[in-house]
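Residue-level listing of the chains:
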Amino acid sequence: SYSVTGVQTCALPISVKKVVSMEFQIEEHDHDYESNVKVYHDLMSVRVTDILLVSTPYDAFIMEEDDSLASKIIHEYRGLNLSRPPRITKAFSADEALDLLSRAAFDLVIVMPNLEDMDTHLLVEKIRAVRPGLPVILLAHSLPEMEEEGEACRWIDNRFVWSGNSDLLLALVKSVEDARNVEADTRSAMVRVLILVEDSPVYRSFFLPLIYKVVVRQTLSVLEDSLNEEHRLLKMRARPKILVAENYEEAMALFDRFEPYVFGVMSDTRFPMECRLTPDAGFRLLKKIKERVPYLPLLLLSAEPENRARAEALQAVFIDKNSPNLNAEIEDFFRTYLGFGHMIFRTADRAEVGRAGTLGEMEEILSRVPDEPIAYHAERNHFSNWLMARSEIHLASKFGKVQASEFATVDEMRRYIIANVHHLRKCRQKGMVIQFSAGRYDPDIMDFVKIGKGSLGGKARGLAFLYNLLHRSPGFLRRHPEADIVVPRTLVIATDSFEAFIARNGLDASRICNCTDDEIRSRFLAGELPGGLEADLAAFLARVRGPLAVRSSSLLEDAHVQSSAGLYKTLLIPNSHEDGAVRLSHLLAAVRLVYASTFFERPLAFARGLSKQFQEDSMAVIVQELAGDRKSVV
């Protein structure tokens, strides 16, 4: 939950020094389809696709633990729904590694100590000479083994300790990618940055994989509100960047460079400052950052419990490194303070008055919560962080540029936020076929939805294309304001429901091919629809009133050649009865009759006339609002 724990919860006054009406400042291009998708495609442009692992054969064997190192990385990528897992090439000597580097391109080199033909320091020097700027990471089996390398550690990009946790492999790759993409991605899309300050390779090897796993898993969880799988995977690219610093100077340099985009800092307590190990370096760092950005979420990590009081005095969260619940406490920090969980609205007496986990919930809750918690979250830029945690880049960036002081009243700010969230919810789904969900269906913003995982069929596929084309080409509609071109609100029952209906009721073509149309009609009307379909249609009708057309959309319908259009049934239902059960019965009967028309004599005769052998069809069903105006009959 994105709460206000640990800080004062009094409402802050809204300044009236700059009174500008913000309520209706929503530009059409704010959520333009092409610009939104282009932003996601342009993120994470630099990828690690080829890794060179340099180690002794024994070290490589110990690291693999009788399994393939490449398989571990591929497994991690698939488990996190990430694409393009990197390829690993192994070199068992320094000479072999240098030869490979001279002949092939690599994006990352991982060096393990104890090579027989060359010490690590000299090898890293030679790698730098062959490939300047190539990231080089030292990965040792233990801290003493790493400390023996001495001078070599000053030439590498980072140091880690391998403890058998395959999550570290993914973290190494993503850390290098973040460092190489952060400049472009923050500039183009205001992607958020989290800074981790930790000088110990042992703790760094523990915290970095944990942070990446939390960030990716939390990002995946909040992306359940996404439009479809492609959209979800694209938005994964907008996850926060994790940047690592080993001393005070590096941490401040990162903060100075990316201050507008930093949404949290996690810091050790004891680390180098001015080249000396300083016991309170973490306090000094967080205090300086706090002075510059008062409401930035800060986390102090320490193995000394007595540091808790000093952290709380800074209004920073404290986590004991020796805590038995360390993983859970770090995950809670992300949920509570970094916007990954619900945004919780509380009054000054700590009473909860609402919480929002999705855009729809946010729009609904903002309309009824008091002014006080809205002002609290707005002053601290929580709305922008919450949206960015959900990869809603455009609106998060827009909110990040607007100050609470620019509104005359909290109510004006409330209307501004609601209007923009509603506009985003509506525009982000234009042109897309959305998977139907009974709990999340909103006809006001969802124009084209689909039940099932099968095909849309020919007619629905053509309608979906036109719907998508209209919203990919907003310039066309702007050039022709006299034209009102729309695709009526549409629900498609995909072909897998038809196939399940046929199998459940034993109505395949071989059993009914000799039946008359009336017999087929009777048998289909008596058939049992597949589980879940009736409940989904009931949820749809609960939100939609007015006449509906129940239309066929077979696989062969609207085909490029030899189309079978016009051969199947379309039924109109009034959808106006006061009893919802009656309206549902009309719709279910219409769906069954469209299914039945697949096997009527006319379409079967047409199919036989096209080919010697009967080609079996499959049917999707379109449930579409009728176009037109309501008229009174006198």
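Residues numbered from 1 in each chain as written. Predicted model: local features only at pLDDT ≥ 70, side-chain atom pairs only at ≥ 80, totals over all residues. Heavy atoms only, no water.

**Things to note about the overall build of the protein**
1) Next: When you go through the protein residue by residue, the secondary structure sums to 26 helices and 20 strands.
2) Next: Here the protein, with 634 residues, has 54% of them falling under the buried criterion.
3) Next: For the protein, restricting intrachain contacts to residue pairs at least 6 apart in sequence, the fraction spanning at least 24 positions comes to 72%.
4) Next: Accessible area for the protein stands at about 28,400 Å²; split by element, carbon and sulfur atoms hold 52% of it. (Helix = DSSP H or I, 4+ residues; strand = E, 2+ residues; numbered from the N terminus. Buried < 20%, exposed > 50% of the residue type's maximum accessible area, 1.4 Å probe, protein only. Contact = heavy atoms within 4.5 Å. Areas by Shrake-Rupley, 256 points an atom, 1.4 Å probe, with all protein chains shown as cover.)

**With respect to the pattern of salt bridges**
1) Next: Tallied over the full model, the rule gives 28 salt bridges.
2) Next: Across the pair D99 and R103 runs a salt bridge whose closest N-O atoms are separated by 3.0 Å. With a gap of four residues between them, D99 and R103 both fall in helix α4 (residues 94–103), about one helical turn apart.
3) Next: Note on D99: relative accessible area 38%, which makes it partly exposed.
4) Next: By relative accessible area, R103 is classed as exposed at 59%.
5) Next: The closest approach of N and O atoms between D178 and R239, which form a salt bridge, is 2.9 Å. Residue D178 is located in helix α7 (residues 167–189), and its partner R239 is located in the loop between α9 (229–236) and β7 (241–245); the two are separated by 61 residues in the primary sequence. This pair shows no difference in class: D178 is buried, exactly as R239 is. (Salt bridge = Lys/Arg side-chain N within 4 Å of Asp/Glu carboxyl O.)

**With respect to the nonpolar core**
1) Next: Grouped together as the largest cluster of nonpolar side chains are 63 residues, with contacts concentrated most on F345 and F383.
2) Next: Sequence-distant contacts of F383, that is, excluding residues within four places in its chain, are made with M343, F345, M362, L366, I374, H377, A378, F399 and I417.
3) Next: Membership of the second largest hydrophobic core comes to 42 residues, among which are I434, V449, M619 and V621. (Core = buried A, V, L, I, M, F, W, Y, C linked by side-chain atoms within 4.5 Å.)

**Let's talk about unusual backbone geometry**
Negative phi is the rule for most residues except glycine; trans is the rule for most peptide bonds.
1) Next: Even without a glycine there, the phi angle at N114 is positive, about 80 degrees.
2) Next: With phi around 50 degrees, N575 is a residue other than glycine that occupies positive phi space.
3) Next: Within the element layout of this structure, N575 appears in the loop between β19 (570–573) and α25 (580–597).
4) Next: According to the relative accessible area criterion, N575 is buried, its value standing at 3%.

**Thoughts on the sheet that holds strand β18 (residues 548–554)**
1) Next: Ordered by their spatial adjacency, six strands build an open sheet running β15-β16-β17-β20-β18-β19, and the pairing between neighbours is mixed. Both edges of this open sheet fall to β15 (434–435) and β19, since each of them pairs with a single strand only.
2) Next: As paired strands, β18 and β19 are joined by four bridges and run antiparallel to one another. Residue pairing in the sheet places R551 in a bridge with T570 of β19.
3) Next: Against the sheet, helix α24 (residues 533–543) touches β16 (448–451), β17 (490–493), β18 and β20 (619–625), its axis set at about 175 degrees to β17.
4) Next: Lying on the sheet, α25 is in contact with β17, β18, β19 and β20; it crosses β20 at an angle near 140 degrees. (Pairing = 2+ DSSP bridges. Axes fitted to C-alpha atoms, helices over the stretch in contact; angles between N-to-C directions.)

**Some remarks on the environment of L172**
1) Next: Residue position: L172 is located in helix α7.
2) Next: Since its relative accessible area comes to 1%, L172 is described here as buried.
3) Next: For the pair L172 and R159, spaced 13 residues apart in sequence, the C-alpha separation works out to 10.0 Å.

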